[in-house]
Amino acid sequence: MQIEFSPVTPAIGAWVQGVSLATITPAQFDRLYAIWQQHHVVVLRDQVLDNGQFERFSAMLGELDPPPNQGAGRKSVPGHPNLYVVSNRKNGEGEPLGALGDGEALWHTDMSYLERPPFASMLWSIELPASGGDTCFASMPAALRGMPQDLVSRIERLRIKHDGTYDSGGYVRKGVAANDNPAESVGTLHPIIISQPETGERTLYLGRRRNAYIPGLPLAESEALLNAIWGYATAPQVTMRHQWRLGDVVLWNNFTTMHRRDGFPPEQFRTLHRSQIKGQYVPTAANQKEAA
Ligand SMILES: [Fe+2]
């Protein structure tokens with residue numbers, strides 16, 4: 001079988017056919033990786049997998065990152081401590097069996113408050129609601145290309161604080177106090193424009209809007225500049241929407257994309273298994289000469 005692909009949109013995403021992740025060969029993996037590097041998100045449909053096979057494929061991208069230890073403990077797949085359960089299911093005592101509940105999640109990059117954030121993440125659909133729960137992705141290189149040059153020049157040497165207070169569901173992270181002052185909340189500074197560490201492509205690296213802050217600017221000025229940046233980063237022409245089907249696997253580059261999720265009816269169930277690759281790169285400012 002030959003691996004084929006077609007772009008989801010001109011800016012982001014590729015549908016990939018002709019490979020079974022359960023039996024993927026090193027040569028097929030190299031081809032898939034090259035498509036992923038170029039399109040930032042790859043979508044594979046009709047995958048017949050078990051957790052061991054999903055984990056084996058994930059580990060071809062690097063060392064796996066165990067799920068975050070949240071207030072209610074790690075939400076791992078039973079027997080697979082490195083796989084994360086994203087689900088609104090609860091046990092008999094009403095304890096969540098997975099993370100994120102049924103609500104909407106706003107645009108974000110996973111765990112970018114770390115010094116070395118995860119580079120790749122993927123989701124595999126296990127059960128789905130009748131409607132809702134779509135996942136959308138935005139291309140950060142395309143967003144950067146779409147910005148007017150005066151805005152690029154203005155942000156080129158600036159850094160942005162990636163908040164460490166809240167997770168993508170809006171919950172306070174374990175061991176941290178709630179804080180809604182962007183100038184004071186805990187977080188990590190990264191350059192706003194970085195190089196994708198494996199390809200060198202120039203890309204925005206934004207994290208999440210909540211509690212984002214550009215150090216050195218008065219808060220109101222930082223807010224106005226961030227709102228302008230987010231307008232380009234989430235513009236329809238740089239985004240794609242994924243409507244899940246059972247057996248889908250979606251892999252994204254966490255340095256070149258943001259993602260968000262729609263809410264869904266709370267009486268229905270949505271369960272996906274996620275793997276994440278441990279961060280090995282510190283986001284590094286893009287060569288500024290290149291931009292001139
Ligand atoms: Fe996420």
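Everything numeric here is computed off the predicted structure, so don't read it as measured data. (Residues numbered from 1 in each chain as written. Predicted model: local features only at pLDDT ≥ 70, side-chain atom pairs only at ≥ 80, totals over all residues.)

**Q** Is there a simple way to explain the overall build of the protein in this structure?
**A** When helices and strands are counted, the protein shows 6 helices and 19 strands. At 19 Å, the protein has a C-alpha radius of gyration in line with the 19 Å of a compact globule built from 292 residues. By principal-axis analysis of the C-alpha atoms, the protein measures approximately 50 × 50 × 35 Å. Of all 292 residues assigned to the protein, the portion counted as buried reaches 42%. For the protein, contacts bridging at least 24 residues in sequence account for 78% of all contacts bridging at least 6. (Helix = DSSP H or I, 4+ residues; strand = E, 2+ residues; numbered from the N terminus. Rg over C-alpha atoms; globule rule 2.2 N^0.38 Å. Buried ≥ 20, exposed ≤ 12 C-beta atoms within 10 Å, placed from the backbone. Contact = placed C-beta atoms within 7 Å.)

**Q** Is there a simple way to think about the sheet that holds strand E11 (residues 135–139) in this case?
**A** One key point about sheets: their strands pair by backbone hydrogen bonds, in either a parallel or an antiparallel sense. Pairing in this open sheet of 4 strands is antiparallel, and the strands run E9-E18-E11-E16 from one edge to the other. Of all strands in the sheet, those bounded by a partner on one side alone are strand E9 (105–108) and strand E16 (239–242). Across the sheet, the axes of successive neighbouring strands diverge by a mean angle of 15°, strand direction being ignored. Of the pairings in the sheet, the one linking E11 to E16 comprises 4 bridges and is antiparallel in character. Residue Thr-135 lies in a different strand from E16, and its bridge partner there is His-242. (Pairing = 2+ DSSP bridges. Axes fitted to C-alpha atoms, helices over the stretch in contact; angles between N-to-C directions.)

**Q** It is not clear to me how the pairing of strand E10 (residues 120–127) should be interpreted in this structure. Could you clarify?
**A** Looking along a regular strand, one sees side chains alternate from face to face of the sheet. With 6 of its 8 residues buried, E10 lies for the most part within the structure. Where E10 and strand E17 (residues 249–253) come together, 5 bridges link them in antiparallel fashion. Among the inter-strand pairings, Ser-121 is bridged to a residue of E17, identified as Trp-252. Both E10 and strand E19 (residues 271–276) contribute to a ladder of 6 bridges, which runs antiparallel. Within the sheet, the bridge partner assigned to Trp-124 lies in E19 and is His-273.

**Q** It is not clear to me how the environment of Gly-132 should be interpreted in this structure. Could you clarify?
**A** Take Gly-132: it is sitting in the loop between E10 and E11. When the 17 C-beta atoms within 10 Å are taken as the criterion, Gly-132 is described as partly exposed. Expressed as a C-alpha distance, the spacing of Gly-132 and Pro-7, which sit 125 residues apart in the sequence, is 23 Å. Once residues within four sequence positions are removed from consideration, Gly-132 is found in contact with Asp-262, Gly-263, Phe-264 and Pro-265.

**Q** How do you make sense of helix H2 (residues 51–59) when you look at a structure like this?
**A** Note: α-helices contain 3.6 residues per turn, so residues at a spacing of three or four share the same orientation. All of the buried residues along H2 are Phe-54, Phe-57 and Ser-58. Along the long axis of H2, the arc covered by the buried residues comes to 100°, so they all point the same way. Looking at the buried side of H2, the elements it contacts are strand E7 (80–87), E10 and E19. (Arc of directions from axis to C-beta.)

**Q** Can you help me understand the environment of Val-77 in this one?
**A** By secondary structure assignment, the location of Val-77 is in strand E6 (residues 76–77). Between the C-alpha atom of Val-77 and that of Gln-38, which follows or precedes it by 39 residues, the distance is 31 Å. Apart from residues lying up to four places away in sequence, Val-77 is in contact with Asn-51, Leu-83, Val-85 and His-273.

**Q** Any chance you could explain helix H1 (residues 26–39) here in plain terms?
**A** Taking 1.5 Å per residue, 14 residues should reach 20 Å; H1 reaches 20 Å between its end C-alpha atoms and fits that length. Two residues or fewer past H1, His-40 is found with a positive phi of approximately 75°. (Expected span 1.5 Å × (residues − 1).)

**Q** Can you walk me through unusual backbone geometry in this structure?
**A** Most peptide bonds are trans, and most residues other than glycine sit at a negative phi. Although it is not a glycine, Asp-46 adopts a positive phi angle of roughly 55°. Looking at the secondary structure, you find Asp-46 in the loop between strand E3 (41–44) and H2. The backbone of Met-111 sits at a positive phi, close to 55°, despite the residue not being glycine. Using a count of 21 C-beta atoms within 10 Å as the deciding quantity, one classes Met-111 as buried.

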